[in-house]
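Residues per chain are reported as follows:
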Amino acid sequence: MTTRMSTGDFEAFCRQVRGTDPDRNPCLVVCGGTGGQASGSGDIIRMIKRQVLERDLTGRISLRITGCLGFCEMDPFILVEPHHALYPKLTPAEVPRIIDAVLAGDTVEDLLYREPGSLRRCDSQEQIPFFAGQVRTILGNNQRLDPIRIVDYIKVGGYDALLKAIRRGDPEWLIEEVKRSGLRGRGGAGFLTGAKWELARREGTGRQRVFMICNADEGDPGAYMDRSLLEGNPHAVIEGMILAAMAIGASDGILYVRSEYPLAIKHARIALHQARGMGLLGQDILGTGTRFEIEIVRGAGAFVCGEETALLRSIEGRMGEPRQRPPYPSRKGLYGCPTCINNVETLANIPTLIAKGAAAFAATGVPGNTGTKIFSLVGKIRNTGLVEVPLGTPLREMVYEIGGGAIGKARIKAVQTGGPSGGCIPASLFDTPITYDSLAKVGSIMGSGGMIVM
């Protein structure tokens, strides 16, 4: 049974959720995302559940199944809260030893993470170079919540940005805040998000229908940032879409996602159902009179449909082929209506940006390239996975400090960025800071964030 809420009701509900006593039990955190499952995390999860049932440990130990935690090279692993001991590349047979140690307030030293190629033991996640070099503004919440529980998202501040925007009641303020932040689109071109919203609002004024589209057609080789965000924190993307819709005056939203992402689609559907049930979507959002609804459209796996005009044709049921611009989608988009298209990572940044303010967002990164960017770091490197760093971070730091450098005695020759439209950056240029402009100067592009080490 669903319960429609007013703004006041929802504010009270958020206070109640955050006011409940936190779970004091030690918690075993396990990645249940696509990458984790492919590496065997499902067996680890089943063993934990079996131990809890057979040993009657309910009320003494907790399990949190999350989306991707980023450290994909070490899957399947258990992260133990609150002290963040990390046990990598586990087998189900090793799980009982970890549970015994957790219950005793101890660790299993021989199973703890050690840096590849060394005997140095890391007693906590914070000591691991892969994590120590990151600023996990967006990815960090994947670790803290179960993606199919809206209350988990609310506990970490979810939907505070929406409430702040409702209290302001000013779409222009939303647009100006995003403009002041300097947020650039994380899908590849790096166009200023606030400027795109401003164009869409201007073109949509007085029009009957305006569309807000989330582009989750992630097709670059080696890239899986958007999939992991949708699997691990779908409510952040939904809240970002609602805020964008309020800013541009959109009443219809579409989440266009690859059919190859079944778990992302499943979690997004659950999250949309929960949001509707609480009055965060629909004909009258939290009693404000604002209408906005989101529909999921599944792409058929065509790489070209990541391009926004081809994506629009695909949604309309036509062959996904790019068309010439102008007119741009902000003027003539889906079904000829004004349309704003942002990618998953761009929209996932919006709730944090609005809740904390433009100045706080712009304090990370470098001028003209503010905030963090998520990269999928893959290839011939020790530590593969999802990495979130401030824009302006040198390539060398990504490859050698966070990524751990080459495997064995191999020599790293280059990094390929930007997918098929990008380029290869030789090792001699690894002091290049990661920004939209600097990567273009050395013959590559940011793209959506795929980074393949060769």
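This text goes with the structure placed above it.
Worth saying up front: this structure is predicted, and the values here are computed from it rather than measured.

S.K.: When you look at the sheet that holds strand β7 (residues 293-299) in this model, what are you seeing that I'm missing?
M.R.: Across a sheet, strands are paired by hydrogen bonds formed along the backbone, either parallel or antiparallel in direction. Taking strand neighbours across the sheet as the criterion, the 4 strands line up as β7-β6-β5-β8 in an open arrangement whose pairing is parallel. Unpaired on one side and paired on the other, β7 and β8 (339-343) mark the two borders of the sheet. Strand-to-strand twist of the sheet, defined as the mean angle between neighbouring strand axes without regard to direction, takes the value 20°. Where strand β5 (residues 211-216) meets strand β6 (residues 252-258), 6 bridges bridge the pair, whose relative direction is parallel. If you follow I213 over to β6, its bridge partner there is I254.

S.K.: I'm lost on the packing of helix α12 (residues 234-248) against helix α13 (residues 262-277) in this one. Help?
M.R.: Two packed helices can be described by the angle between their axes and the distance between those axes. Contact geometry for α12 and α13: axes closest at 9 Å, N-to-C directions at 55°. By the angle between their directions, the pair α12 and α13 is classed as oblique. Considering only the axes of α12 and α13, their crossing is right-handed. Taking contact as the criterion, the partners of P234, H235 and I238 in α12 are, on α13, H267, A268, A271, L272, Q274 and A275. Tallied by class, the residues present in the contact of α12 with α13 amount to 6 nonpolar, 3 polar and no charged.

S.K.: What is the right way to read the sheet that holds strand β1 (residues 27-31) from this model?
M.R.: Read across the sheet, 4 strands follow the order β2-β1-β3-β4 without closing on themselves; strand pairing throughout is mixed. Two strands close off the open sheet at either side, each with one partner strand: β2 (62-66) and β4 (85-87). Pairwise comparison of adjacent strand axes, ignoring direction, gives a mean angle of 25° for this sheet. Across 4 bridges, the pairing between β1 and strand β3 (residues 78-81) is antiparallel. Paired with C27 across the bridge in β3 is E81. The strands touched by helix α3 (residues 41-54) within the sheet are β1, β2 and β3, with β1 carrying the most contacts at an inclination of about 155°. Relative to the sheet, helix α4 (residues 95-103) contacts β1, β3 and β4, its axis offset from that of β3 by approximately 10°.

S.K.: Please explain unusual backbone geometry as it appears in this structure.
M.R.: Across the junction of E81 and P82, the peptide omega takes the value 15°, indicating a cis bond. Structurally, the position occupied by P82 is in the loop between β3 and β4. In this model, R325 is joined to P326 through a cis peptide bond whose omega is 0°. Mapped onto the secondary structure, P326 falls in the loop between α14 (308-315) and β8. Backbone geometry places K89, a non-glycine residue, at a positive phi of 45°. On the secondary structure map, K89 appears in the loop between β4 and α4. Judged by relative accessible area, which is 48%, K89 ranks as partly exposed. The phi dihedral of L286 is positive, around 50°, even though this residue is not glycine. Looking at where L286 falls in the secondary structure, it is placed in the loop between α13 and β7.

S.K.: So what exactly am I meant to see when it comes to the packing of aromatic side chains here?
M.R.: Two numbers describe a pair of aromatic rings. These are the distance of the centres and the angle of the planes. Applying the stated criterion across every chain, the model contains 9 aromatic pairs. The interplanar angle of 65° and the centroid separation of 6.4 Å between the aromatic rings of F71 and F77 together place this pair among those described as edge-to-face. Overall, the relative accessible area of 3% leaves F77 in the buried class. On the numbers, 6.3 Å between centres and 55° between planes, the contact of Y400 with F430 is tilted. Of the two residues, Y400 sits in helix α17 (residues 395-402) while F430 sits in the loop between β14 (423-426) and α18 (436-441), which places them 30 residues apart along the sequence. With relative accessibility at 0%, the residue F430 sits in the buried group. Note that K373 overlies the ring of F375, its terminal NZ or CZ placed 5.3 Å from the centroid.

S.K.: What should I look at first to understand helix α15 (residues 344-356) in this one?
M.R.: Note on helix geometry: an α-helix contains 3.6 residues per turn, so any two residues three or four positions apart are oriented the same way. Of all 13 residues making up α15, 10 are buried, and the element is well covered by its neighbours. Buried within α15 we find V344, E345, T346, L347, A348, N349, I350, P351, L353 and I354.

S.K.: Please clarify how the nonpolar core should be interpreted in this entry.
M.R.: Grouped burial of nonpolar side chains is what soluble globular proteins tend to show. Counting residues in hydrophobic clusters, the biggest one holds 75 residues, and the most contacted among them are F10, Y159 and F292. The leading source of residues in this core is α12, at 11 residues. Each residue touching F10, except ones within four places of it in the same chain, is listed here: M5, I154, Y159, L163, M278, L280 and L286. Counting 35 residues, the second largest nonpolar core, distinct from the first, contains L69, L377, M446 and V453.

Parameters and conventions
Residues numbered from 1 in each chain as written. Predicted model: local features only at pLDDT ≥ 70, side-chain atom pairs only at ≥ 80, totals over all residues. Heavy atoms only, no water. Pairing = 2+ DSSP bridges. Helix = DSSP H or I, 4+ residues; strand = E, 2+ residues; numbered from the N terminus. Axes fitted to C-alpha atoms, helices over the stretch in contact; angles between N-to-C directions. Parallel < 35°, antiparallel > 145°, perpendicular 65-115°, else oblique. Left-handed = near helix turned anticlockwise from the far one by under 90°. Contact = heavy atoms within 4.5 Å. Nonpolar A, V, L, I, M, F, W, Y, C, P; charged D, E, K, R; others polar. Buried < 20%, exposed > 50% of the residue type's maximum accessible area, 1.4 Å probe, protein only. Phe/Tyr/Trp six-rings, centres within 6.5 Å; stacked < 30°, edge-to-face > 60°. Lys NZ or Arg CZ within 6 Å of the ring centre and 35° of its normal. Core = buried A, V, L, I, M, F, W, Y, C linked by side-chain atoms within 4.5 Å.

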